[in-house]
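# Structure at a glance
In case you want the letters, here they are:
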Amino acid sequence: MIKALFPKLRIVGRDNVVRILGDEEQMAAFEEAVEAMRKHILKFNTLKPEDIVDIVGGRRTADRQPDGVLVYSTGGRPIKARSENQAKLVEAYKENDMVFAVGPAGTGKTYLSIALAVKALKEKNVKKVILSRPAVEAGEKLGFLPGDMKDKIDPYLQPLYDALEDMLPAVRLQDLMDKHVIQIAPLAFMRGRTLSDAVVILDEAQNTTPAQIRMFLTRMGWNTKMIVTGDLTQVDLPRGHKSGLREAIDILGGIEGIGIVNFDKKDIVRHKLVTRIVNAYEAFDKARQQSNTYDNEGID
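What comes next concerns the included structure. On a predicted model such as this, the values are computed, not experimentally measured, just so you know. (Residues numbered from 1 in each chain as written. Predicted model: local features only at pLDDT ≥ 70, side-chain atom pairs only at ≥ 80, totals over all residues. Heavy atoms only, no water.)

## Section: the nonpolar core
Core analysis: the biggest nonpolar cluster contains 38 residues, and Ile 114, Leu 131, Leu 164, Met 167, Ile 182 and Ile 184 have the highest contact counts within it. Dropping the residues within four chain positions of it, Leu 164 is found in contact with Ile 114, Val 118, Leu 131, Leu 173, Ile 182 and Ile 184. Ile 130, Leu 187, Ala 205 and Phe 216 belong to the second largest nonpolar core, which has 23 residues in total. (Core = buried A, V, L, I, M, F, W, Y, C linked by side-chain atoms within 4.5 Å. Buried < 20%, exposed > 50% of the residue type's maximum accessible area, 1.4 Å probe, protein only. Contact = heavy atoms within 4.5 Å.)

Structure, rendered in structure tokens:
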């Protein structure tokens, strides 16, 4: 197709090298078009035939980006806020260096946070992205999983890998991870570090202890943004242990430079059944709480 769009040039492509012969002005236009295609792929993760025609014709550039779009998926789908509270998260991220995003499953807290981090990395606002989760069992025991420590921990971090794989081509993602530009690690690995020039995300923070989240929040260095996400209705800590996320919100609410965004059922962007499941469990919990109150009053 590119050859057809530049009929006056002799174009030969071998391996990763393209050689061109012809008029200097035409060769300069060809070079500009190829560079525009390269930028287009970096931004949109895709290059369709119509994109090539528009780029060569000068009707499209990589600088064009619709309002509200953070990044594009590997299939070229625009990723942006899809609810009122998701939009609040994007604004809170712009205005604060530390943001807490709290709400039920399926509201896009983690996915949107990672999109903000990838955007900052692509725009060279930060040098690295660090993603972390506490390795707390939700019914299963870590020690019984097969393999070495990495094999045991990776299943806990898989949701973070999934989101990244949706936003970065596999080869590019692997390269960034090999160079430690993108780092994914359990919360325990954060101790003793100072995290500078980075976007740092702590996911599933409801499963941190007060000591753990305090340790994490004090890792913050220069030119760093932190996003802490969690769902206070899904705490997997042993009975009697207080959630560090709940305590952190109580202590840090109202401090300048810290934003708190509360998501609710209206923000759920997964399958419609997720909303129904959340509603059903909320009704069950409410009924059980009322029943316990009634029983206690009867005992008194």
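## Overview of the packing of aromatic side chains
Summed over the entire model, instances satisfying the criterion amount to one aromatic pair. Relative to Phe 30, the ring of Phe 6 lies with its centre 5.3 Å away and its plane at 80°, an arrangement referred to as edge-to-face. Linking Phe 6 in the loop between α1 (2-5) and β1 (10-14) with Phe 30 in helix α2 (residues 24-44), this pair joins segments that are 24 residues apart in sequence. Per residue, the accessibility class of Phe 6 equals that of Phe 30, and both read buried. The ring centre of Tyr 93 lies 4.8 Å from the NZ or CZ of Lys 225, which sits over that ring. (Phe/Tyr/Trp six-rings, centres within 6.5 Å; stacked < 30°, edge-to-face > 60°. Helix = DSSP H or I, 4+ residues; strand = E, 2+ residues; numbered from the N terminus. Lys NZ or Arg CZ within 6 Å of the ring centre and 35° of its normal.)

## Looking at the pattern of salt bridges
Under the definition given, this model contains twelve salt bridges. We note a salt bridge from Lys 119 to Glu 123, for which the minimum N-O separation is 2.6 Å. Judged by its relative accessible area of 22%, Lys 119 is partly exposed. Under the relative-accessibility criterion, Glu 123 is labelled partly exposed at 43%. Among the ionic pairs, Arg 133 bridges to Asp 203, the shortest N-O distance being 2.7 Å. Taken together, the residues Arg 133 in strand β6 (residues 128-133) and Asp 203 in the loop between β8 (198-202) and α8 (210-217) connect sequence positions 70 residues apart. (Salt bridge = Lys/Arg side-chain N within 4 Å of Asp/Glu carboxyl O.)

## Considerations on the sheet that holds β8
If you trace the six strands from one edge of the open sheet to the other, you get β7-β6-β8-β9-β5-β10, paired in parallel fashion. Each of the sheet's edge strands pairs with one partner strand only, and the pair in question is β7 (182-186) and β10 (258-262). Here the average twist between neighbouring strands, direction ignored, is 15°. As judged from the five bridges shared by β6 and β7, these two strands associate in the parallel manner. The residue bridging Val 129 from the neighbouring strand is Ile 182, located in β7. (Pairing = 2+ DSSP bridges. Axes fitted to C-alpha atoms, helices over the stretch in contact; angles between N-to-C directions.)

By themselves, these figures tell us nothing about what the structure is for.
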